[in-house]
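Notes for the structure review
Read off the chains here:
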Protein chains: 2
Amino acid sequence: MSILVTVTCIKVAYVNTSKPETIRTPSVPKERSTSLLTDKYELTMLEAALADGTAHRQCTFEVFARRLQNERRYGVVGGTARVLRAIDDYVFTEEQLESLDFLNAETREYLRNFRFSGSIDGYREGELYFPNSPILTVRGTFAECVILETVILSIMNADSAIASAAARMVTAADGRPIIEMGSRRTHEYAAVTASRAAYLAGFTATSNLEAAHRYGIPASGTAAHSWTLVHVNDDGTPNEEAAFRSQIETLGVDTILLVDTFDIEKGVETAIRVAGPNLGGVRIDSGDLGILTRRVRKQLDDLGAHNTKIVVSSDLDEFAIAGLRGDPVDIYGVGTSVVTGSGAPTAAMVYKVVEVDGHPVAKRSSSKQSTGGGKRGWRAIRASGTAVEEIVTPFDAEKPVVGSLEVRELTVPLMRNGTTVPDLPTLSESRDYLAAQLVSLPWEGLALSRNEPALNTRFVGF
Amino acid sequence: MSILVTVTCIKVAYVNTSKPETIRTPSVPKERSTSLLTDKYELTMLEAALADGTAHRQCTFEVFARRLQNERRYGVVGGTARVLRAIDDYVFTEEQLESLDFLNAETREYLRNFRFSGSIDGYREGELYFPNSPILTVRGTFAECVILETVILSIMNADSAIASAAARMVTAADGRPIIEMGSRRTHEYAAVTASRAAYLAGFTATSNLEAAHRYGIPASGTAAHSWTLVHVNDDGTPNEEAAFRSQIETLGVDTILLVDTFDIEKGVETAIRVAGPNLGGVRIDSGDLGILTRRVRKQLDDLGAHNTKIVVSSDLDEFAIAGLRGDPVDIYGVGTSVVTGSGAPTAAMVYKVVEVDGHPVAKRSSSKQSTGGGKRGWRAIRASGTAVEEIVTPFDAEKPVVGSLEVRELTVPLMRNGTTVPDLPTLSESRDYLAAQLVSLPWEGLALSRNEPALNTRFVGF
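Everything numeric in this text was worked out from a predicted model, so none of it was measured. (Residues numbered from 1 in each chain as written. Chains lettered and ligands numbered in written order. Predicted model: local features only at pLDDT ≥ 70, side-chain atom pairs only at ≥ 80, totals over all residues. Heavy atoms only, no water.)

Some words on the environment of Glu62(B)
Residues and elements named next belong to chain B. Summarising the element assignment, Glu62 is placed in strand E3 (residues 58-65). Distance in space between the C-alpha atoms of Glu62 and Val353 is 6.3 Å, their sequence separation being 291 residues. Sequence-distant contacts of Glu62, that is, excluding residues within four places in its chain, are made with Pro134, Leu136, Val350, Tyr351, Lys352, Val354, Gly373 and Lys375. A distance of 2.7 Å separates polar atoms of two side chains, one belonging to Glu62 and the other to Lys375. (Helix = DSSP H or I, 4+ residues; strand = E, 2+ residues; numbered from the N terminus. Contact = heavy atoms within 4.5 Å. Polar contact = N/O pair within 3.5 Å; in protein donor to acceptor, adjacent residues only side chain to side chain.)

Regarding the UniProt feature "domain: Nicotinate phosphoribosyltransferase N-terminal" (unreviewed entry) in chain A
Residues annotated in UniProt with the feature "domain: Nicotinate phosphoribosyltransferase N-terminal" (unreviewed entry) correspond here to residues 36-157 of chain A. Summarising residues 36-157 of chain A: 41% helix, 19% strand, and an end-to-end C-alpha distance of 18 Å. (UniProt positions renumbered as here; feature names shortened; annotations may be inferred.)

Thoughts on the packing of aromatic side chains
Per the stated rule, a full pass over the model turns up 15 aromatic pairs over all chains. Both rings, one in Phe61(A) and one in Phe142(A), keep their centres 6.2 Å apart while their planes meet at 35°; by these two values the pair is tilted. With Phe61(A) in strand E3 (residues 58-65) and Phe142(A) in helix H5 (residues 142-146), this pair connects stretches of sequence that are 81 residues apart. A single burial state applies to Phe61(A) and to Phe142(A), both of which are buried. On the basis of an interplanar angle of 45° and a centroid distance of 6.3 Å, the ring pair of Phe142(A) and Trp227(B) is categorised as tilted. One end of the pair, Phe142(A), is in helix H5; the other, Trp227(B), is in helix H9 (residues 225-229), on a second chain. Exposure class is identical for Phe142(A) and Trp227(B). Each is buried. Residue placement shows Arg196(A) over the ring face of Tyr215(A); its charged tip is 5.4 Å from the ring centre. (Phe/Tyr/Trp six-rings, centres within 6.5 Å; stacked < 30°, edge-to-face > 60°. Buried < 20%, exposed > 50% of the residue type's maximum accessible area, 1.4 Å probe, protein only. Lys NZ or Arg CZ within 6 Å of the ring centre and 35° of its normal.)

Focus on the relation of the copies chain B and chain A
Between the two copies, chain B and chain A, the superposition gives an RMSD of 0.0 Å; the rotation angle is 180° and the shift along the axis is 0.0 Å. Classification of the inter-copy transformation places it as that of a two-fold axis. A share of 100% of the interface residues of chain B reappears at the interface of chain A, consistent with the copies meeting face to face through the same patch. (Least-squares fit on C-alpha atoms with pLDDT ≥ 70 in both.)

Quick look at the side chain of Ser430(B)
Among the structural elements, Ser430(B) can be located in helix H15 (residues 427-439). Look past the residues within four positions of Ser430(B) in its chain and what remains in contact with it is Arg124(B), Glu125(B), Gly126(B), Leu200(B) and Pro425(B).

A look at the sheet that holds strand E7 (residues 136-141) of chain B
Residues and elements named next belong to chain B. A sheet is described by the order of its strands in space; here seven strands give the open sequence E15-E14-E3-E7-E5-E19-E20, paired in antiparallel fashion. Each end of this open sheet is capped by a strand with a single partner; those strands are strand E15 (359-360) and strand E20 (419-420). With two bridges connecting them, strand E14 (residues 349-356) and E15 associate as antiparallel partners. If you follow Glu355 over to E15, its bridge partner there is Pro360. Most of the contacts of helix H2 (residues 80-88) go to strand E19 (residues 411-416), to which it runs at about 20°, and overall it touches strand E5 (119-123), E7, E19 and E20. Along the sheet face, helix H6 (residues 149-173) touches E3, E7 and E14 and points at about 135° away from the line of E14. (Pairing = 2+ DSSP bridges. Axes fitted to C-alpha atoms, helices over the stretch in contact; angles between N-to-C directions.)

Quick look at the structure:
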């Protein structure tokens, strides 16, 4: 099982471990180290496990969700690629080790040399998931798996929550572009990965420059009310025209003018007077957007500005977007609701040990029962391409047979011996993949209303 | 106004600027730079403003919230200290500048030399706020103020949302300790600052090691179900006793044992048999916590373990905490609800220009009106210490007179000429300050139910 996978690997053997482990010389800068993004109890459990020998037991941990949030019909897996990167960066610097003064010397020495050397299989990013889908299957020693719990869940829960909410908005927008502009309404770094998750789900662009820089997402923007307001005359009276004229001079006639600072009708009139009928677009950020967009469309058309687009923003969520489907909206700008998961800011995924030294294990306490054993996910699909059910088998089982249906394997290799498998899909590929998966849902599966999951999850072979 | 404030300052004059600005040689490492945590439109507005000269107009921007989330009675200001740090770290590296290829050379040169040189006044961290409280007042050129919008709001909205939710939980817990353990249910770095905001609000400890390391918050933890489950016998049958025995051997009899993996009654019996009556605590993470804690307390007392504490967790929010007030709970562990703001994951704060070259400005579009002019906040307080109302005056106004009431100034200096003022309160001091402020609310102001804000905000002098 264990092989030298990169040229920077060195091979060492730990006491009591049944297989040699591969570790790499730590070369992660302190700022990128993810090792303290961890709950204290993971390291105190590690210490006790090193003392009693259970640290070296071969375990399987599983990431899954017992339910979909807010009775939605499906979830979208987000964060997988970020998890693999975070595990790669899970190394302890000397300064970090010094801060762990509640641990004994043996435990700190274990952490000093720590590199995850196990394997991860799971649902690819952009895959749909349902209750009890085995989203990630993490295999390795108890020690190396247990300490990754928090960082794995933080990333999967945050990114999947955003991707799951965003996908519903993309469906509601029915082909019209959506710009993510919610950075200001969430933690400054959560904003960056929220942009990424929204793009994964089919958003068109982001306002966030770090997300554009880091992930290659198209960046987009219009102007703020402060832009219009800073253009006062010497006597302090407003001068919207000066603001529009200046914006066009610098950014070109393709730009989008914010027309609702004072009076929308006058704003539109001024915009077209200044820009001419080839103005790129106008943005409306307040009021009854249905009524306003119909009025503004008529006004623009009357002024000959038939190609000037109407961009709307102002606390839009999937329901408001759907409510505007019959109105002349060209582009949606979505902020707060997407970065906060539209009522479900976390995905409720958990990370549970399901197998110890080949034995299935599970807790039995009320309402939080789970099924023991490593698992693999499959989806049965009609010839028409419509998905019928989610099937979960033991990890090593053969492909299940479901009548004459196609059964597609959802669990794919993600990490082997601590190294991410090569050629994982890019963000853009995962985005295309999700778009294709959404089409495979039974038609009621895309409804925004609360109901049962679109697919039932069936356990086979347990 | 402008002076050399640190030994690393150099003085330069920009074209068209009415006052010389102080900038410091950029020495912020790339990983700490906050400059791309910005919406694209801020930099395109900057470009247009540099072109038309408005970049150099003296402006006042204000952070405020039009409403309290979820009809709560008060909000808690969180994030102020982090905002000041983020502004200090708002510098552009060459690599970042290269990524901004949509900007012209003049704009990039402006950013290359950028250091905020303005002033910030506002509510201190841990202060209560109400609708339209002037939480931060940011003064400087349009250029230097407008580009800080996103990063200021991200931090204030995230931290204030958590602090506001957490304070209600602390009130509900009525003096009993609460451990923050929600890292796994939010973005991996949002988790760190959520710990900080929860501690500010009165939480006792955190599970998050990075928060402990970075902010000096006490770290705490128990054990996971995986700890019990990894202790299987050779035949795969569970051995809870082995898990408890090992935990006590390594972590001492003071430790907290998780007793609900299989059967709580047997778990408690095993725990006391192994640990003796001086066991630190037991944790229950599932089931009806009211019934269970009463049963477990009786069982512990019957076994002579009168000092063994009962720790409860399992999707607790402020309402569940309050519902357990009559039950024998010693410590609450709170996760998802606190890190997601308990139904309000953002604080709905906005950042608006309110003054340009001495003229008050405000947008007038429907439902999002605001009051122009820089502002200062005050609170009128009875001799008994009970707050009566929030008063907002123009920034330069004298202290308002409200009958014989004490009027306390809420707006304090935070940054001068781009440099954070010395001796700002520590996190621990802000935590104590908030605790004192909560006591000053009218008694119905601490109620958990939805209603009007506890204090009315009155504008005087506009």
